[in-house]
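# Coordinate analysis (summary)
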Amino acid sequence: MDEKHDLIANFDLKIICDFFRQLDRQGPGSESETLKALGFIKGLPINAKIADIGCGTGGQTITLAKNISGKITAVDLFPGMIEYLNNRVKHCGFENRVSGLIASMDSLPFSKNEFDLIWAEGSIYHIGFERGLSEWRKFLKQNGFIAVTEVTWLTNNRPNKIENYWNENYPEINTVSHKIKQMEQAGYIPLATFVLPESCWIDNFYKPMADHLKDFIKQQNYSKSAQQFVIRQKEEIAYYEQYKKYFGYVFYIGQKYE
Ligand code: SAH
């Protein structure tokens, strides 16, 4: 990449981070779906150790803290996200049980067999589903659990336009059955999978996003990068609206079996 493009890419990353850190969630999800996934995880010890990877501003972290005992390490690459998360954690009175950590999911500073549960909502795609499942496995204790959401084809066939869009953005997108097989191959017993309802996308993610886009472009003084960012986000929303029956986010819950 030449210097000019590199600078643009870095600037874009800053825009992306500045935008998303101002939202309560950075991906589709909801408190009730987090709780539904948690319902498949039985027998966590009282002093469980939990890692929430790619936690963002902590939408799901707070739900986890409210509903399970033990200690949560919430990890994100971006300091701005962790700053917001730490304030939220303090506001909810969980600072003794939840700590934010700035680290990258592909080089986590964790020990082998450290965690009872690894959580990752809307984030494993940054490392890739297969790679994340297999690299993070070593951090789990024997019989430890993993719960992640991943963008997934809901049907076996779909229009070329949406197929191309996702292949450009995340070529690892695949069907539920394929992802379950990858989970087995990575060394987990698949315990459950379920599709997130549309409300997780529209009400909890795209609506707040669309509302915020208007202010954001002003905040950024109508810069070219901000305008491009807004166009891209609007395009993403339009693709979802048009093709939502063909793809969605799916929760995958698994257990390390040895
Ligand atoms: N779990 C949150 C955020 C999902 S968005 C939610 O569902 O609302 C994905 C998050 O992954 C973002 O906060 C982003 O900053 C973070 N991220 C991106 N690359 C990362 C990396 N390499 N390591 C850790 N976190 C990363």
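Below or above, wherever it landed, is the structure these notes cover. Just so you know, the residues in each chain are numbered from 1, in the order the chain's sequence is written. Given that the model is predicted, a residue must reach a pLDDT of at least 70 before its local features are reported, and side-chain atom pairs must reach 80 or more before they are shown or counted; all residues, however, enter totals for whole chains, interfaces and linings. Side-chain descriptors were evaluated using all non-hydrogen atoms of the structure, hydrogens and water having been removed beforehand.

## Quick notes on the site of the ligand
Stated precisely, the cut-off is as follows: In this text, near means that some heavy atom of the residue lies within 4 Å of the molecule or strand in question. Whenever two N or O atoms come within 3.5 Å, that pair is a polar contact, provided that in protein one can donate a hydrogen and the other can accept it, and provided that, for residues adjacent in sequence, both atoms are side-chain atoms. Where accessible areas are quoted, they stem from the Shrake-Rupley method and a 1.4 Å probe; at the residue level, only the protein chains shown are allowed to cover. Side-chain classes follow a simple rule in which Ala, Val, Leu, Ile, Met, Phe, Trp, Tyr, Cys and Pro form the nonpolar group, Asp, Glu, Lys and Arg form the charged group, and the remainder, Gly included, forms the polar group.
Lining the immediate environment of the ligand, one finds 18 residues, of which Gln 26, Gly 54, Asp 76, Met 105 and Glu 121 sit closest. At 3.0 Å, a side-chain N or O of Ser 104 approaches a nitrogen atom of the ligand. Residue Glu 121 places a main-chain N or O atom 2.8 Å away from a nitrogen atom belonging to the ligand. In the complex, the protein chains occlude 93% of the 570 Å² of accessible area that the ligand would expose alone. Its residues placed into classes, the shell around the ligand shows 6 nonpolar, 9 polar and 3 charged.

## Thoughts on the pairing of strand E4 (residues 115–120)
Put simply, the rule reads: Here's how the labels work: a residue is buried when its accessible area is under 20% of the maximum for its type, exposed when over 50%, partly exposed in between, all with a 1.4 Å probe on protein chains only. By definition, any uninterrupted DSSP run of H or I lasting at least four residues is a helix, any uninterrupted run of E lasting at least two residues is a strand, and each is numbered from the N terminus. Strands qualify as paired when DSSP identifies two bridges or more between them. Seen with its strands pointing away from the viewer, a crossover is right-handed if its path from the first strand over the helix to the second goes clockwise.
Among the 6 residues in E4, 6 count as buried, and that is most of the element. In this sheet, E4 lies alongside strand E1 (residues 49–53) in parallel orientation, the contact comprising 3 bridges. Residue Ile 50 lies in a different strand from E4, and its bridge partner there is Leu 117. Note that E4 and strand E5 (residues 140–153) share 5 bridges and pair parallel. Note on E5: the bridge partner recorded for Phe 115 is Leu 140. Crossover handedness for the path E4 to helix H5 (residues 129–136) to E5: right-handed.

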